[in-house]
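One-letter residues, chain by chain:
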Amino acid sequence: MRLGLPPPPHSPRLPGGSAHLGSAQPAGGGTAPRGRAGPAALSTSLIDLQVDQLGVMILWEAVVYQKSGLSAKSKKKGLSFEEKRVRMMEIFFETKDVFQLKDIEKIAPKEKGITSMSVKEILQSLVDDGMVDTDRIGTSNYFWAFPSKALHARKRKLEELNSQFAESSQKKEALQKSIEKSKIGREDTVERAALIEELAALQQKKEQLKAEIDKYRECDPDVVEEMRQTNKVAKEAANRWTDNIFSIKSWAKRKFGFEESRIDKSFGIPEDLDYID
């Protein structure tokens, strides 16, 4: 099946200078001229040439088809966000010029394959990351980025990372020394295992005794004294608020002429409210 692609740049020619298979046999079926191959040799040569020509055509069509397929595939696949950022920076580094947004919107699609609708977003991301400088002059915003600044920024970042690496290495070395020091005297021995077992048993016994003590906590003299002090504070607070209520009732009776029973009923004050002895 033919793909309808252009022929290869060169096709093998047949003996006698003819590119057509039918013209290789002498006219009239006569004897082949002197100096030329005989009928058997000529037939074999024609078959070989026909196979070679067919192979060249198939190979050529495969190459052209592959190229066209790759081209279509590359056209289908768009640029990623990071690729657009890289190409945008190439515009500044290659030109070393200052641009307005409208200038970049014209250059980016034509030279770098960045769609004009995404130019503003890509440019703003570069400005936010400090890779592109911007300033407002009059009513226009100008953008620029020079390779020297990017180089200095990378150097500063490299120095910062080297400093962090050195600090982390020192911390790691100190921790490693601390670990080695902590291992001294903690080797796995029979004596150490016995001591650990004894410690676990003592801790368990301590918890049991603590639980037993908690049962008699209410009879603890310190706890009883603490309760007495708490009750004293609560009693003083209750009598203080009772005194405040009596003062307000007395003021209301003098100011508005209300009866005490009416005040108690209105504010839900118990009739037997009194100080705690």
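Residues numbered from 1 in each chain as written. Predicted model: local features only at pLDDT ≥ 70, side-chain atom pairs only at ≥ 80, totals over all residues. Heavy atoms only, no water.

The next thing to look at is the overall build of the protein. Within the protein, the regular secondary structure consists of eight helices and three strands. Put simply, the protein runs from its N terminus to its C terminus through helices and strands in the order α-α-β-α-α-β-β-α-α-α-α. Across the protein, every contact between residues at least 6 apart in sequence was considered, and the portion connecting residues at least 24 apart equals 60%. Per element, the accessible surface of the protein, about 22700 Å² overall, is 56% carbon and sulfur. (Helix = DSSP H or I, 4+ residues; strand = E, 2+ residues; numbered from the N terminus. Contact = heavy atoms within 4.5 Å. Areas by Shrake-Rupley, 256 points an atom, 1.4 Å probe, with all protein chains shown as cover.)

Throughout the structure, instances matching the rule amount to 11 salt bridges. The salt bridge partner of Arg 85 is Glu 82, with a shortest N-O separation of 3.5 Å. In this pair, Arg 85 and Glu 82 are both assigned in helix H2 (residues 81-95), three residues apart and thus about one turn of the helix distant. The class for Arg 85 is buried, based on a relative accessible area of 10%. Classification of Glu 82 by relative accessible area gives partly exposed; the value is 48%. Through salt bridges that share partners, Lys 249, Lys 253, Glu 260 and Asp 264 make up one connected network. (Salt bridge = Lys/Arg side-chain N within 4 Å of Asp/Glu carboxyl O. Buried < 20%, exposed > 50% of the residue type's maximum accessible area, 1.4 Å probe, protein only.)

Scanning all chains against the criterion turns up four aromatic pairs. Ring centres of Trp 251 and Phe 256 lie 5.7 Å apart, and the angle between their planes is 90°; this geometry places the pair in the edge-to-face category. What makes Phe 256 partly exposed here is its relative accessible area of 49%. Each member of the aromatic cluster is reached from another via a ring pair, and the members are Trp 251, Phe 256 and Phe 258. (Phe/Tyr/Trp six-rings, centres within 6.5 Å; stacked < 30°, edge-to-face > 60°.)

To continue, consider the packing of helix H3 (residues 101-112) against helix H4 (residues 116-128). Axis separation between H3 and H4 bottoms out at 9 Å; the angle between their running directions is 120°. Regarding the angle of H3 to H4, the classification is oblique. The interaxial crossing formed by H3 with H4 has right-handed handedness. Mapping the contact onto sequence places Leu 101, Ile 104, Glu 105, Ala 108 and Pro 109 in H3 and Ser 116, Val 119, Lys 120 and Leu 123 in H4. (Axes fitted to C-alpha atoms, helices over the stretch in contact; angles between N-to-C directions. Parallel < 35°, antiparallel > 145°, perpendicular 65-115°, else oblique. Left-handed = near helix turned anticlockwise from the far one by under 90°.)

Moving on: H3. Here H3 contains 12 residues, and its C-alpha end-to-end distance of 15 Å stays within 8% of the 16 Å for a straight helix at 1.5 Å per residue. On its buried face, H3 sits against H2, strand S1 (99-100), H4 and strand S3 (140-144). Gly 113 sits one or two residues past H3 and shows a positive phi near 70°. (Expected span 1.5 Å × (residues − 1).)

Our focus in this paragraph is the side chain of Lys 249. With respect to the helices, strands and loops of the structure, Lys 249 is situated in helix H7 (residues 221-256). For Lys 249, the side chain forms a polar contact with the side chain of Asp 264, separated by 2.9 Å. Not counting residues up to four positions away in its chain, the partners in contact with Lys 249 are Glu 260, Ile 263, Asp 264 and Ile 269. (Polar contact = N/O pair within 3.5 Å; in protein donor to acceptor, adjacent residues only side chain to side chain.)

With 37 residues, helix H5 (residues 147-183) extends 53 Å between its outermost C-alpha atoms, agreeing within 8% with the 54 Å of an ideal straight helix rising 1.5 Å per residue. Downstream of H5 by a residue or two, Gly 185 has a phi angle that is positive, lying close to 80°.

In this section: the packing of H2 against H4. It is at 10 Å that the axes of H2 and H4 come closest, and there the two elements cross at 80°. The angle between the axes of H2 and H4 places the two elements in the roughly perpendicular class. Facing Phe 81, Lys 84, Arg 85, Met 88, Met 89 and Phe 92 of H2, the residues of H4 in contact are Ser 118, Val 119, Glu 121, Ile 122, Leu 123, Ser 125 and Leu 126. Its residues assigned to classes, the contact of H2 with H4 comprises eight nonpolar, two polar and three charged. (Nonpolar A, V, L, I, M, F, W, Y, C, P; charged D, E, K, R; others polar.)

The next thing to look at is the sheet that holds strand S2 (residues 133-137). By definition, the strands of a sheet pair up through backbone hydrogen bonds, in either a parallel or an antiparallel sense. The three strands are arranged S1-S3-S2 in an open sheet whose pairing can be described as antiparallel. Strand pairing shows two members of the sheet lacking a second neighbour, S1 and S2, which therefore form its edges. Inspection of the sheet shows S1 paired to S3 by two bridges, in the antiparallel sense. Note that in S3 the partner of Phe 99 across the bridge is Phe 143. (Pairing = 2+ DSSP bridges.)

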